[in-house]
Amino acid sequence: SQTIHQWPATLVQPVGSPLSLECTVEGTSNPNLYWYRQAAGRGLQLLFYSVGIGQISSEVPQNLSASRPQDRQFILSSKKLLLSDSGFYLCAWGRGDTQYFGPGTRLTVL
Amino acid sequence: QKEVEQNSGPLSVPEGAIASLNCTYSDRGSQSFFWYRQYSGKSPELIMFIYSNGDKEDGRFTAQLNKASQYVSLLIRDSQPSDSATYLCAVNERNQFYFGTGTSLTVIP
């Protein structure tokens, strides 16, 4: 069966610091991968999606970037965090019409 | 801009009652529809998906789709306190998912 991992589970970072969140998927090959952000009391915002290694599409212009160095690895990064980057970051994998979420990383920027 | 609209609630129902959650979408060409459940502080988990007009049942859950009216609903029969969560409606368009903001459901024992 497929499993999706995210780490860390929680993170507290100062404004202006860098960020790296990692997501890995097990049990499937060539999945579509997604990064979402869910701010407090708000819906899911799609940040990036990838259909293959090195193929990244950005949905929202911001100070975040994503990379997919391996088939089942998806990384979300920032060079300098903003207060507005606080939120619940969710990685998801999909194949065909379904999409499944990882456990998420709760990021607080102070 | 594709839009998925849900009543944010909160919706409260007594234990054992039927909970009805509704969702409308803007893109008439949308083909597949999903319901996710999200407990507080946790990630969303897939409950059901539906592609065709009509009803689809899975245990206590029934998804209903009406493409002509552009709405999809979720019925939860015999509601339990463990069903208390936020329910997210989603539409899949070319492998991109568009989510509503969710409806908060509370089942009162």
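See the structure shown above.
Trainee: Please explain the pattern of salt bridges as it appears in this structure.
Mentor: Pairing between side chains of opposite charge can happen when the charged atoms of each approach one another. The full count for this structure, using the stated rule, is five salt bridges over all chains. With a shortest N-O distance of 3.3 Å, Arg68(A) and Asp71(A) are connected by a salt bridge. Accessibility classification places Arg68(A) together with Asp71(A) in one group, the buried group. Residues Glu57(B) and Arg77(B) are paired through a salt bridge, measuring 3.4 Å at the closest nitrogen-oxygen approach. Pair noted here: Glu57(B) is in strand β6 (residues 54–58) and Arg77(B) is in the loop between β8 (71–76) and β9 (85–93), with a separation of 20 residues, a long-range link.

Trainee: Explain the nonpolar core here, please?
Mentor: Within soluble globular proteins, side chains that are nonpolar generally end up buried alongside one another. Phe33(B), Trp35(B), Val72(B), Leu74(B), Ile76(B), Tyr87(B) and Leu105(B) are the most contacted members of the largest nonpolar core, which has 23 residues in total. Mapped onto this core, the elements with two or more residues apiece are β3 (19–25), β4 (32–38), β5 (45–50), β7 (61–66), β8, β9 and β11 (103–108) of chain B. Counting residues in hydrophobic clusters, the runner-up holds 19 residues, among them Leu64(A), Leu76(A), Tyr89(A) and Trp93(A).

Trainee: When you look at the side chain of Gln99(A) in this model, what are you seeing that I'm missing?
Mentor: Residues and elements named next belong to chain A. With respect to the helices and strands, the residue Gln 99 is situated in strand β10 (residues 98–101). Here Gln 99 falls in the buried class, since its relative accessible area comes to 0%. Polar contacts involving the side chain of Gln 99 include one to the side chain of Tyr 36, which spans 2.7 Å.

Trainee: Mind showing me how you'd approach the interface of chain A and chain B here?
Mentor: One frequent convention defines the size of an interface as the accessible area lost when the parts assemble. Taken together, the 20 residues of chain A in the interface contact 19 residues of chain B. Interface of chain A and chain B: buried area, both sides summed, is about 1,500 Å²; carbon and sulfur atoms make up 51% of it. Applying the counting criterion to the chain A and chain B interface returns zero salt bridges. Summed over the shared surface of chain A and chain B, the number is four residue pairs in polar contact (both at pLDDT 80 or more). Secondary-structure elements contributing two or more residues to the side of chain A that touches chain B are β4 (32–38), β5 (44–52), β9 (87–95) and β10 of chain A.

Rules behind the numbers
Residues numbered from 1 in each chain as written. Chains lettered and ligands numbered in written order. Predicted model: local features only at pLDDT ≥ 70, side-chain atom pairs only at ≥ 80, totals over all residues. Heavy atoms only, no water. Salt bridge = Lys/Arg side-chain N within 4 Å of Asp/Glu carboxyl O. Buried < 20%, exposed > 50% of the residue type's maximum accessible area, 1.4 Å probe, protein only. Helix = DSSP H or I, 4+ residues; strand = E, 2+ residues; numbered from the N terminus. Core = buried A, V, L, I, M, F, W, Y, C linked by side-chain atoms within 4.5 Å. Polar contact = N/O pair within 3.5 Å; in protein donor to acceptor, adjacent residues only side chain to side chain. Contact = heavy atoms within 4.5 Å. Buried area = accessible area lost by both parts, 1.4 Å probe.

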